[in-house]
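Overview (structure and organization)
Below, each chain spelled out in residue letters.
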Amino acid sequence: METVSFPALDASVKGYLWDDYDTLAAHKVRPALIICPGGGYNHCSPREQDAPALQFLAMGFQVFVIQYSCGDRAGEYRPLRELAQAVCELRRRHEAWRISPDKIAVLGFSAGGHLAASLGALWDDPEVRLPVQARPDALILCYPVISTKEFAHEDSALRVSGGDGALREKMHLWDRVTPNFPPTFLWHGGADDCVPPENSLLLAVALKKHGVPFEYHLFGEGAHGISTCAQETETPDPVCRAWLSLCKTWLCRRFGYTP
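Right, let's walk through the structure included here.

The rules behind the values
Residues numbered from 1 in each chain as written. Predicted model: local features only at pLDDT ≥ 70, side-chain atom pairs only at ≥ 80, totals over all residues. Heavy atoms only, no water. Buried < 20%, exposed > 50% of the residue type's maximum accessible area, 1.4 Å probe, protein only. Helix = DSSP H or I, 4+ residues; strand = E, 2+ residues; numbered from the N terminus. Pairing = 2+ DSSP bridges. Right-handed = clockwise from strand over helix to strand, strands pointing away. Axes fitted to C-alpha atoms, helices over the stretch in contact; angles between N-to-C directions. Parallel < 35°, antiparallel > 145°, perpendicular 65-115°, else oblique. Contact = heavy atoms within 4.5 Å. Phe/Tyr/Trp six-rings, centres within 6.5 Å; stacked < 30°, edge-to-face > 60°. Lys NZ or Arg CZ within 6 Å of the ring centre and 35° of its normal. Core = buried A, V, L, I, M, F, W, Y, C linked by side-chain atoms within 4.5 Å.

We now examine the pairing of strand 3 (residues 30-36). Across the 7 residues that make up strand 3, a large majority, 7, are buried. Relative to strand 5 (residues 99-109), strand 3 runs parallel, the two being bridged by 6 bridges. Bridge pairing links alanine 32 to isoleucine 104 in strand 5. Here strand 3 pairs with strand 4 (residues 62-67) via 4 bridges, running parallel. Across the sheet, the residue bridging to isoleucine 35 is valine 65, located in strand 4. Tracing the backbone out of strand 3, into helix 1 (residues 50-58) and back to the parallel element strand 4 gives a crossover that is right-handed.

Relative orientation of the contacting elements helix 2 (residues 78-92) and helix 3 (residues 111-122) amounts to 75°, with a least axis distance of 10 Å. Considering their axes alone, helix 2 and helix 3 lie roughly perpendicular with respect to each other. Contact residues: Pro79, Leu80, Leu83, Ala84 and Val87 in helix 2; Leu115, Ala116, Ser118, Leu119 and Leu122 in helix 3.

A separate point is the packing of aromatic side chains. Applying the stated criterion across every chain yields a total of 12 aromatic pairs. Taking 6.4 Å as the distance between ring centres and 20° as the angle between the ring planes, the aromatic pair formed by phenylalanine 61 and phenylalanine 255 counts as stacked. In this pair, phenylalanine 61 sits in the loop between helix 1 and strand 4 while phenylalanine 255 sits in helix 7 (residues 242-255), placing the two residues 194 residues apart along the sequence. By relative accessible area, phenylalanine 61 is classed as buried at 0%. The class for phenylalanine 255 is buried, based on a relative accessible area of 7%. Grouped by ring-pair contacts, the aromatic residues Phe109, Tyr143, Trp187, Phe219 and Trp243 constitute a single cluster. A cation over a ring is seen here: arginine 30 above tryptophan 18, with NZ or CZ 4.2 Å from the ring centre.

What follows is about the nonpolar core. Judged by nonpolar contacts, the single largest core of 54 residues is most densely connected at Ile34, Phe64, Ile66, Tyr68, Leu90 and Leu119. Of all elements in the fold, only strand 2 (12-17), strand 3, strand 4, helix 2, strand 5, helix 3, strand 6 (138-142) and helix 6 (198-209) reach the threshold of two or more residues within this core. Setting aside residues up to four positions removed in sequence, leucine 119 forms contacts with Leu80, Leu83, Ala84, Val87, Leu130, Ala134 and Pro136. Within the second largest apolar cluster, 31 residues are counted, among which are Val65, Cys229, Cys240 and Tyr257.

The mixed open sheet is built from 8 strands, whose spatial order is 1-2-4-3-5-6-7-8. Looking at strand neighbours, the two that pair on one side only are strand 1 (2-5) and strand 8 (214-219), the edges of this open sheet. Each strand of the sheet is rotated relative to its neighbour by a mean of 15°, with strand direction disregarded. Helix 2 contacts strand 2, strand 3, strand 4 and strand 5 of the sheet and is inclined by roughly 155° relative to strand 5. Across the sheet, helix 6 is in contact with strand 6, strand 7 (184-189) and strand 8; its angle to strand 7 comes to roughly 155°.

Another aspect to go through is the pairing of strand 7. Most of strand 7 sits inside the fold, with 6 of its 6 residues counted as buried. Burial of the side chains of strand 7 extends over both faces: Thr184, Leu186 and His188 are buried on one face and Phe185, Trp187 and Gly189 on the other. For the segment spanning strand 7, helix 6 and strand 8, crossover handedness is right-handed.

Take a look at the structure:
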């Protein structure tokens, strides 16, 4: 395994890359996944970085983890522009990093799910003005923050808007879904009392309304911030742990990829 970093970008990004083995002739080029950890736009949670990255690396993906701007630097679309830069960099360097340039997914947990969904919703917004190459080919949203109004995670909403009312309105993502939103896998734990499950439920309703391909799972239990739902992240949950296998099946089907 090779690790790489993006020194020229505005955010820190670490990549986990498969070595180019001669004996793996069928996997010379691989899909890629960028992980956006949660943390309320206050920090990037450690339990939502290496553990999920290694899960998808083992699946055969080239995997990247982004440390986007948080705290006082979370406003003014800064994290969104950083994530867009990272997607564009993967496409630009796809040959060097052995990436399929049309198979780049973004996975986000909690506030990182809001960041991932923001890119899915605003990649073609004329006000935000992101490169068209920044559109992900698929999104995976894990107990995501979606609302900045009803059912909002208030700290995330305040930080990502920087206190700007117009930007807070823009970041209410149910209202930003169009038919151009990327295909999406999303899941939530039913016992989440930090980011209410209505965030993902009402996003699923919006995706259905606009004809966006999606798969949605609401588990009967499961708290917030449980990542891979295993002891490795100190958040074991035998019920919600099923999200990983469900997601892998969905993502392979979307990308036409056999691990």
